[in-house]
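# Inside the fold
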Amino acid sequence: MSAPTDVRRPRTTPEPPNDPAEQVVIDVPANERGGERPGTGAASDPRGRAATRRSVRRVGEQRDRDQRGRDERDQRDREQLQRLTGTAATGRSRADTRAHSPVMVLIVLLATLGVVTYAVFLLNPANRGDFLPYGLVIVAESVLVGQSLLSMWTILSGGSDPRDFAFHNTQDTMFDLDEIDREGLTNRSHLWPMRVRGKRVVVDVFITVYGEELTKIAATVAAAVAMRGEHRTWILDDGRSDDVRALADRLGARYVRRLSSNGAKAGNINHALTLAKGDYFAVFDADFVPGKDFLFETVPFFADGSIAFVQTPQTYGNLHNLVSRGAGYMQTVFYRFIQPGRNRFNAAFCVGTNVIFRRAAIDDVGGIHTDSKSEDVWTSLHLHERGWKSVFIPMTLAVGDAPETIEAYSKQQLRWATGGFEILLTHFPFNPKRKLTMDQRLQYFVTASFYLTGIVPGLLLLVPPLEIFFDLRPMNMSIGVGEWVLFYLGFYLMQVVLAFYALGSFRYETLLLAAVSFPIYARALWNVLCGKEQAWHVTGAGRGRAPSPFNFIVPQVLVFVFLSLTSVVAIWRDVSNGQLTLATAWNITNSLIFGAFIITAFREQSANRRAARQERDADTAPVLVLAAAAGLEPAPALRTQVVRPDSLQPARDVITASAASGTPTPVEVAS
């Protein structure tokens with residue numbers, strides 16, 4: 001017998017699943033119950049049609065203003081605008097326009113030449129040194145060189161705009177003025193009917209929630225509800241929060257709650273698809289606030305019946321500390337240059353948020369992939385194998401949060417790397433059974449093997465200690481330091497120049513995080529090799545009170561201690577010999593990088609403690625005031641009566657009763 005279910009839904013909502021483990025609570029906004037339609041008074045108003053035309057014309061005018069402003073605004077300006085107004089700015093930054101400029105092409109070609117020259121230098125038998133350090137360098141640099149060459153090729157392959165005539169024609173005719181007039185929706189753009197190839201379409205917008213902060217959820221839901229174009233906004237709450245449920249009702253969104261969390265985020269979306277029957281559905285993480293024109297800029301692509309999904313970038317508005325800046329900028333080159341280049345090969349993949357799918361395509365592959373916590377890239381792979389197409393547009397249409405803590409960053413990277421290694425080891429793209437084009441096979445191989453580059457710094461860290469302790473060198477003794485540095489910089493310096501031009505400035509935070517993250521990627525590879533299940537974690541600042549960051553960087557701390565001791569030995573050796581060696585300089589640099597990361601962890605731990613203290617003070621202050629008013633001596637060590645901080649009347653009653661009895665009763669405020 002099924003457990004009772006609280007279901008409130010319109011007549012068009014399908015019955016919830018019969019599986020007791022997937023019983024559901026659905027709340028539908030009041031204005032959607034009973035099938036009420038908005039008033040049609042505007043249709044008889046002679047000014048209504050003119051107002052409607054002005055409203056629709058503003059859509060095109062806004063797009064033109066965005067185009068003109070692309071050369072005047074950069075990414076930081078848009079992020080600041082998002083923080084101040086709570087709305088996502090539409091358009092591309094000045095750096096985005098550099099993607100295929102002549103200067104960018106020249107830098108890419110020079111960087112490619114530097115990669116090839118460095119590879120020839122390393123592989124020259126005359127330059128080979130001792131076997132162990134040379135082997136480490138060859139393995140590490142082969143991964144980096146291979147990824148670099150393939151990335152350069154992908155970047156140079158881009159440049160074409162996926163918005164063709166069909167897109168623009170559909171966008172121009174998506175909103176019908178007469179229909180908007182008849183429906184009386186002149187000033188309610190979020191209800192404007194949308195048409196694709198003459199057919200009125202239904203769009204569902206899913207916001208996946210799992211314990212994120214209520215204020216972040218509210219900002220996302222409010223923006224999603226207000227998007228231009230008729231759609232239904234759903235909050236998919238796997239956190240089972242009554243506060244989120246009340247928020248959905250207040251903001252006019254539908255609310256869905258599962259009683260199990262099977263399949264994590266993918267299972268949450270698949271469950272919602274049994275209830276929502278729209279032609280298309282968009283997905284946003286709870287901390288990604290969509291812009292008003294998200295649907296206007298993405299839905300027209302579906303005029304092409306072979307398009308399965310349209311993906312937009314992840315842009316971050318919280319780049320205020322080292323971790324968030326490093327994590328955010330780490331993905332900038334990918335979203336500005338790599339993903340657009342993959343449009344050429346029909347290999348741009350979903351990144352889990354800021355994306356809109358064709359419902360029929362997802363049904364064709366049996367739903368969102370649930371056997372991996374990187375459901376996004378796996379679902380993309382299955383869609384491409386079935387012959388569906390994807391589109392990536394390098395236009396910021398939603399702004400969210402990058403991981404702000406070491407814990408959140410570590411869990412995010414572990415999940416992403418695990419998904420990549422799963423494809424590499426369990427679904428090898430070059431397997432003849434995979435129904436992919438050769439270009440797609442190559443692009444998915446690059447994606448699956450990318451996180452091997454994260455393990456490379458761990459291998460290269462061992463090279464200087466091998467020389468310092470055992471006098472083992474990777475290169476022939478006859479090669480001078482100047483020659484080594486020349487070829488080395490020919491490779492690495494050009495990579496830095498490329499990143500500098502792409503980002504508009506030098507981002508040391510990205511290099512720092514990349515250098516110290518190899519234990520995360522090594523663990524991900526080990527988990528896949530051993531078949532260990534990767535637990536689901538929310539991407540972002542984390543849930544609840546953050547534990548010490550040192551719980552997540554024990555390997556990095558041990559490496560820092562080892563490198564520091566090795567540097568002491570190296571300096572003592574060089575002083576004794578009267579000559580500074582490259583190995584000593586290299587090792588000291590590595591020590592400083594890890595030292596900076598450890599300092600960041602100490603600062604984060606200190607901030608966590610301050611926040612915890614402030615939270616405790618805020619929780620206890622109201623009760624202490626009431627206790628003092630009643631003439632009682634508070635006893636915080638005892639915990640017997642629990643009250644909510646937003647309702648202090650129970651505390652007042654307890655204090656009054658204890659005063660009458662002469663026996664003090666402590667009160668605890670529930671957090």
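An account of the accompanying structure is given in this report. (Residues numbered from 1 in each chain as written. Predicted model: local features only at pLDDT ≥ 70, side-chain atom pairs only at ≥ 80, totals over all residues. Heavy atoms only, no water.)

### Brief notes about the packing of aromatic side chains
What describes a pair of aromatic rings is the distance from one ring centre to the other and the angle between the planes of the rings. The test is simple: Aromatic pairing here means that ring centres of Phe, Tyr or Trp (its six-membered ring) are within 6.5 Å. Orientation follows from the plane angle: under 30 degrees is stacked, over 60 is edge-to-face, and everything else is tilted. Under the scheme used here, helices are H or I runs from DSSP no shorter than 4 residues and strands are E runs no shorter than 2 residues, and both carry numbers assigned from the N terminus. Burial here depends on accessible area, computed with a 1.4 Å probe over protein chains only, as a share of the maximum for the residue type. Under 20% is buried, over 50% is exposed, and the range in between is partly exposed.
One pass over the structure, following the stated rule, counts 24 aromatic pairs. Ring centres of Phe-206 and Trp-234 lie 6.5 Å apart, and the angle between their planes is 80°; this geometry places the pair in the edge-to-face category. Of the two residues, Phe-206 is situated in strand S4 (residues 203-209) and Trp-234 in strand S5 (residues 232-237); the sequence distance between them amounts to 28 residues. Across the pair, exposure class does not vary: Phe-206 and Trp-234 are buried alike. With 6.1 Å between their ring centres and 90° between their planes, Phe-428 and Phe-445 make a pair best called edge-to-face. Taken together, the residues span a long stretch of sequence, with Phe-428 in the loop between helix H16 (406-426) and helix H17 (438-449) and Phe-445 in helix H17 at a distance of 17 residues.

### Here we look at the pairing of S5
What counts is decided by this rule: A pair of strands is considered paired only if DSSP assigns at least 2 bridges between the two. Crossover handedness is defined by viewing with both strands directed away from the observer: a clockwise path from the first strand over the helix to the second marks the crossover as right-handed.
Summarising burial for S5: five of the six residues are buried, a large majority. Relative to S5, S4 is paired through six bridges, and the arrangement is parallel. Bridging from a neighbouring strand, Thr-208 pairs with Leu-236 of S5. After leaving S4, the chain enters helix H8 (residues 214-225) and then returns to the sheet as S5, a path that is right-handed. Inspection of the sheet shows S5 paired to strand S6 (residues 254-258) by four bridges, in the parallel sense.

### Points about the packing of helix H18 (residues 452-460) against helix H22 (residues 518-530)
Which entries qualify depends on this criterion: Between the N-to-C directions of two axes lies an angle of 0 to 180 degrees, each axis being a line fitted to C-alpha atoms and, for a helix, fitted only over the stretch in contact. By the definition adopted for this analysis, an angle is roughly parallel if under 35 degrees, roughly antiparallel if over 145, roughly perpendicular if from 65 to 115, and oblique otherwise. Handedness of a helix crossing follows the sense of rotation of the near helix relative to the far helix, less than a right angle counterclockwise being left-handed and clockwise being right-handed. Contact criterion: two residues are considered in contact whenever any of their non-hydrogen atoms come within 4.5 Å of each other. Amino acids outside the nonpolar list (Ala, Val, Leu, Ile, Met, Phe, Trp, Tyr, Cys, Pro) and the charged list (Asp, Glu, Lys, Arg) are all regarded as polar, and Gly is one of them.
It is the contact of H18 with H22, at a shortest axis distance of 8 Å, that shows an interaxial angle of 120°. One way to sum up the angle between H18 and H22 is to call them oblique. Where H18 crosses over H22, the handedness of that crossing is left-handed. Residue-level inspection shows Leu-452, Gly-454, Ile-455, Pro-457 and Gly-458 of H18 in contact with H22, the latter providing Phe-518, Tyr-521, Ala-522 and Leu-525. Here the contact of H18 with H22 is built from residues that sort into seven nonpolar, two polar and no charged.

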